[in-house]
Amino acid sequence: MRCPKCLLCLSALLTLLGLKVYIEWASQPRLSKAYPGPQGSPPGPTPASLEPTLPANLSARLGLTGLLPLASWNQQQWRLETLPSADSTEAGGCQAWGAAAAAEIPDFASYPEDLRHFLLSAACRSFPRWLPAGSGGQVASCSASDVPYLLLAVKSEPGRFAERQAVRETWGRPAPGIRLLFLLGSPVGQGGPDLGPLVAWESHRYSDLLLWDFFDVPFNQTLKDLLLMDWVGRHCPDVAFVLHAQDDAFVRIPALLEHLRGLPPAWARGLYLGEVFTQAKPLRKPGGPFYVPGSFFEGDYPAYASGGGYVIAGRLAPWLLQAAARVAPFPFNDVYTGLCVRALGLVPRAHPDFHTAWPADRTAEPCAVRDLLLVRPLSPQDSIRLWKHLQDPQLQC
Ligand SMILES: *[C@@H]1O[C@H](CO)[C@@H](O)[C@H](O)[C@H]1NC(C)=O
Ligand SMILES: *[C@@H]1O[C@H](CO)[C@@H](O)[C@H](O)[C@H]1NC(C)=O
């Protein structure tokens, strides 16, 4: 070749090409490494853990054996028989429980404010529905003739109107066997604008809002899980599966249905499926996200499915409620669900196509996500764009 510059150019190009191939190759295993599944799952069910059970002593199940740490949660769980029940006659039973728990923590005053609020009220779990004035807006029970196969239980917050509408217009659309509900706290809020009239209008218009009268703050998310389980037990006990998702998730419902229908029946009966974290530990940086003081909790988290989106068998609803009455409150709702599932002797199932923390620097392109079951977070605009692309029969990847 008589063109040294061309040669230089060519080798530079080849180097770049090699680099691109390498980056793509290297990013693949890293992605899957970030979402490890528990040993031995998927494919086969573990025989010992297919049916829920709730032993009288939960200590061994929850790993509280040997030398017990002095941390408050561990001590509470060790002693706990049942949390004060909602119908307990002594008024303020749950408040008294919280105050006593707080009084035992020497450095309680140094805890972040939201954690202090959580601990003081954590045993108070019974809240009335927040019902808009006037008739209508009632959420219908599942009818015996039309039991949904999959209930989409989407956690939202009163002010997130656009996120809810995007779900209604895309993956949460009415479809056979599917029921959509949004879970919210009080639209009156605490020190914010009164969204009551707007949420009341929305509730009348769509009849898909389950609202309860508690402050809709992150550490109250467990209330949504428990109050939904209670609702399911009373109003929709035969639903096969419940998908818990955040309102910024995008779910490929047909693919999820196909996966659920293909599960071995025995496995499906105790299902707790999602992006599973098996080695998570509490974060100890004060002021950082998900900070947990050492005087509150010691040890590792149980294996749990990320709260961004997971599926649970509908028949576990009453079991989870029973377990929750005997598992000491924990501020993160997904870790708490993991604890309750562990108390029942069940294990989470990891699925590699649940992506609950899609990297902010990677746009959720239709081709990148078309084989996933669930991806988040997406803006309402991105969800609608993605939905349109995925409907397009001409979509080429
Ligand atoms: C519960 O089980 C633990 C560990 O298996 C044991 O040390 C403890 O004494 C038991 N508690 C009761 C009340 O039986
Ligand atoms: C959760 O809501 C209840 C009732 O509105 C409130 O008393 C409690 O402080 C809230 N929890 C947190 C962590 O703010």
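Residues numbered from 1 in each chain as written. Chains lettered and ligands numbered in written order. Predicted model: local features only at pLDDT ≥ 70, side-chain atom pairs only at ≥ 80, totals over all residues. Heavy atoms only, no water.

- As annotated in an unreviewed UniProt entry, the chain carries the name Hexosyltransferase and is attributed to Trichechus manatus latirostris.
- Quoted verbatim from the Function (unreviewed entry) field of the UniProt record, the comment on the chain reads "Beta-1,3-N-acetylglucosaminyltransferase that plays a role in the elongation of specific branch structures of multiantennary N-glycans. Has strong activity towards tetraantennary N-glycans and 2,6 triantennary glycans." (UniProt positions renumbered as here; feature names shortened; annotations may be inferred.)

## Here we look at the site of ligand 1
Turning to step 1, where the next piece is worked out: Taken together, N57, S59, T65 and W78 make up the full set of residues near ligand 1.
Turning to step 2, where the next piece is worked out: When ligand 1 is considered free in solution it has 360 Å² of accessible area, and contact with the protein chains removes 36% of it.
Turning to step 3, where the next piece is worked out: Here the residues of the shell around ligand 1 sort into 1 nonpolar, 3 polar and no charged. (Near = heavy atom within 4 Å. Areas by Shrake-Rupley, 256 points an atom, 1.4 Å probe, with all protein chains shown as cover. Nonpolar A, V, L, I, M, F, W, Y, C, P; charged D, E, K, R; others polar.)

## Some points on the packing of aromatic side chains
Turning to step 1, where the next piece is worked out: Using the criterion set out here, one finds 15 aromatic pairs in the structure.
Turning to step 2, where the next piece is worked out: Residues Y301 and Y304 carry aromatic rings whose centres are separated by 6.3 Å and whose planes lie at 80° to one another, so their mutual orientation is edge-to-face.
Turning to step 3, where the next piece is worked out: Aromatic rings pair up to connect W73, F118, F219, F277, F290, F296, F297, Y301, Y304, F330 and F332 into one cluster.
Turning to step 4, where the next piece is worked out: Lying across the ring of Y206, R168 places its NZ or CZ 3.9 Å from the centre.
Turning to step 5, where the next piece is worked out: Across from the ring centre of Y149, 4.5 Å away, lies the NZ or CZ of R261, which sits over that ring. (Phe/Tyr/Trp six-rings, centres within 6.5 Å; stacked < 30°, edge-to-face > 60°. Lys NZ or Arg CZ within 6 Å of the ring centre and 35° of its normal.)

## Let's talk about the environment of R326
Turning to step 1, where the next piece is worked out: Mapped onto the elements, R326 comes out in the loop between α10 (317-324) and α11 (333-343).
Turning to step 2, where the next piece is worked out: R326 sits 246 residues away from L80 along the chain, and the two C-alpha atoms are 6.5 Å apart.
Turning to step 3, where the next piece is worked out: Discounting residues that sit within four places of it in the chain, R326 has contacts with L54, P55, A56, N57, L58, Q77, L80, E81 and T82. (Helix = DSSP H or I, 4+ residues; strand = E, 2+ residues; numbered from the N terminus. Contact = heavy atoms within 4.5 Å.)

## With respect to α10
Turning to step 1, where the next piece is worked out: A317, L320, A323 and A324 are the residues of α10 that are buried. Considered in projection along α10, the buried side chains sweep an arc of 125° and stay on one side of the axis.
Turning to step 2, where the next piece is worked out: Against α7 (221-235), β7 (304-313) and α11 lie the buried residues of α10. (Buried < 20%, exposed > 50% of the residue type's maximum accessible area, 1.4 Å probe, protein only. Arc of directions from axis to C-beta.)

## Topic: the pairing of strand β6 (residues 272-277)
Turning to step 1, where the next piece is worked out: Counting buried residues along β6, 5 of its 6 residues qualify, which places the element largely inside the surrounding structure.
Turning to step 2, where the next piece is worked out: Where β6 and β7 come together, 5 bridges link them in antiparallel fashion. Looking at the pairing, Y272 lines up with I312 of β7.
Turning to step 3, where the next piece is worked out: Across 2 bridges, β6 lies against strand β8 (residues 349-350) in parallel orientation. Looking at the pairing, G274 lines up with A350 of β8. (Pairing = 2+ DSSP bridges.)

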